Amino acid sequence: MTKTALVVGATGIQGSAIAARLVKDGWHVLGLARSPQEQAGVTPIAADLLDPIALVQALEGLKPTHVFLTTWLRQDTEAENIRVNGTMVRNLLDAVRPAGSVEHVALVTGLKHYLGPFEAYGKGSLPKTPFRENQGRMDVANFYYAQEDEVFAAAARDGFTYSIHRPHTVIGKAVGNAMNMGTTLAVYAELCKETGRPFRFPGSQVQWDSLTDMTDARQLADQVIWAATTPAARNEDFNIVNGDVFRWNWMWHRIGDYFGVAVENFDGVESPLEEQMKDDASVWAEIAAKHGLAEKDLSRLASPWHTDADLGRPIEVVTDMSKSRALGFTGYIATDKAFFDLFDRLRADGIIPKA
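Residues numbered from 1 in each chain as written. Predicted model: local features only at pLDDT ≥ 70, side-chain atom pairs only at ≥ 80, totals over all residues. Heavy atoms only, no water.

S.K.: Where do I start with empty space enclosed by the protein in this structure?
M.R.: One simple way to see leftover space: roll a probe sized like a water molecule over the atoms. Inspection of every chain in the model, using the stated rule, returns 2 cavities of 30 Å³ or more. Put simply, the largest cavity is a space of about 50 Å³. If you go around the largest cavity, the residues you meet are H168, T169, M181, Q207, T212, D213, M214, W248, D310, L311 and R313. One number sums up the size of the second largest cavity: a volume of about 40 Å³. L49, L69, T71, W72, N85, M88, V89 and Q147 together form the lining of the second largest cavity. Residue contributions to the lining of the second largest cavity peak at 3 residues, all from helix α3 (residues 78-96). Taken together, the residues of the lining of the second largest cavity sort by class into 5 nonpolar, 3 polar and no charged. (1 Å grid on protein atoms, 1.4 Å probe; cavity = no way out; pocket = protein on both sides within 12 Å on 5 of 7 lines; lining within 4 Å. Points joined across faces, edges and corners; volume = space filled by probe spheres on them. Helix = DSSP H or I, 4+ residues; strand = E, 2+ residues; numbered from the N terminus. Nonpolar A, V, L, I, M, F, W, Y, C, P; charged D, E, K, R; others polar.)

This is how it looks when you write it as structure tokens:
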């Protein structure tokens with residue numbers, strides 16, 4: 001029997017990769033978003049998770065067997081993050097309950113489970129690296145925990161299984177995404193090339209020198225679908241990264257070489273991208289016009305605040321993958337290849353200039 005997937009946040013970096021992999025594997029895929037986009041093989045569903053009545057109407061008559069939750073809305077405070085994002089998960093699970101069809105729910109969160117929410121990001125008493133699932137929750141309010149609790153409560157009530165997935169910074173394509181390091185770095189490199197500015201690392205000395213890891217959206221998709229279809233992986237939480245580790249003092253040169261820009265050796269002084277790129281909107285519009293690019297609005301491509309948060313952390317961030325490896329998940333991709341694959345796709349799709 002064909003399985004039916006409901007991908008919530010289907011237009012984002014994570015959701016679009018999951019939807020594409022499900023389509024490739026022969027699933028019937030429903031893609032829910034506030035503003036759905038055309039996606040090959042995906043049936044679009046327009047709905048707002050904060051409007052429970054409209055959500056029920058949008059899902060009426062549909063019988064998803066698997067739900068993949070990949071969306072959230074950033075608010076001004078963590079208290080509001082908890083209220084809004086917990087409500088979104090609860091509304092969605094309430095809306096699919098009447099059909100009685102759901103067998104499994106996968107929730108994608110992230111390493112803020114270990115690093116703390118935006119208000120306390122990378123501060124205070126943190127678990128030692130590499131981060132492991134058995135380290136549990138921090139003693140601080142966190143909207144990821146609220147999302148998990150909604151899934152746990154609904155699973156206990158409705159009888160479905162679940163899996164929780166915690167990627168590090170995700171590499172993938174999604175225009176208009178609020179957390180998009182790969183595209184942000186590609187756009188920054190193109191701006192440096194156009195203006196003659198050096199490609200300067202914006203973050204901290206610790207991040208420049210320490211080991212770290214990242215998550216390709218395709219790697220995340222593979223693990224999420226593996227967990228949804230593997231009995232031993234049910235009702236478990238999993239870290240998900242590419243499987244390699246690197247230092248930014250190596251990766252930064254790899255990215256600079258790809259774009260053919262001069263890389264400035266890091267001098268220990270942080271120079272956040274949000275400051276470096278604050279006056280670049282008009283420059284990008286000129287680049288887009290000159291090369292006939294698909295998106296002239298810099299704000300829809302780059303999220304410097306998020307990249308600054310990741311690259312400015314004062315601690316090492318390395319993630320353990322032993323738990324899912326022991327259960328049979330063997331996915332791997334080198335992170336420099338993940339970046340280059342994304343950059344190639346951005347060029348091919350007319351998001352950034354061709355070489």
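S.K.: Would you explain the environment of A189 in this entry?
M.R.: Residue placement: A189 occurs in helix α6 (residues 181-195). Residue A189 is classed as buried on the basis of its relative accessible area of 0%. Discounting residues that sit within four places of it in the chain, A189 has contacts with F199, F259 and V261. (Buried < 20%, exposed > 50% of the residue type's maximum accessible area, 1.4 Å probe, protein only. Contact = heavy atoms within 4.5 Å.)

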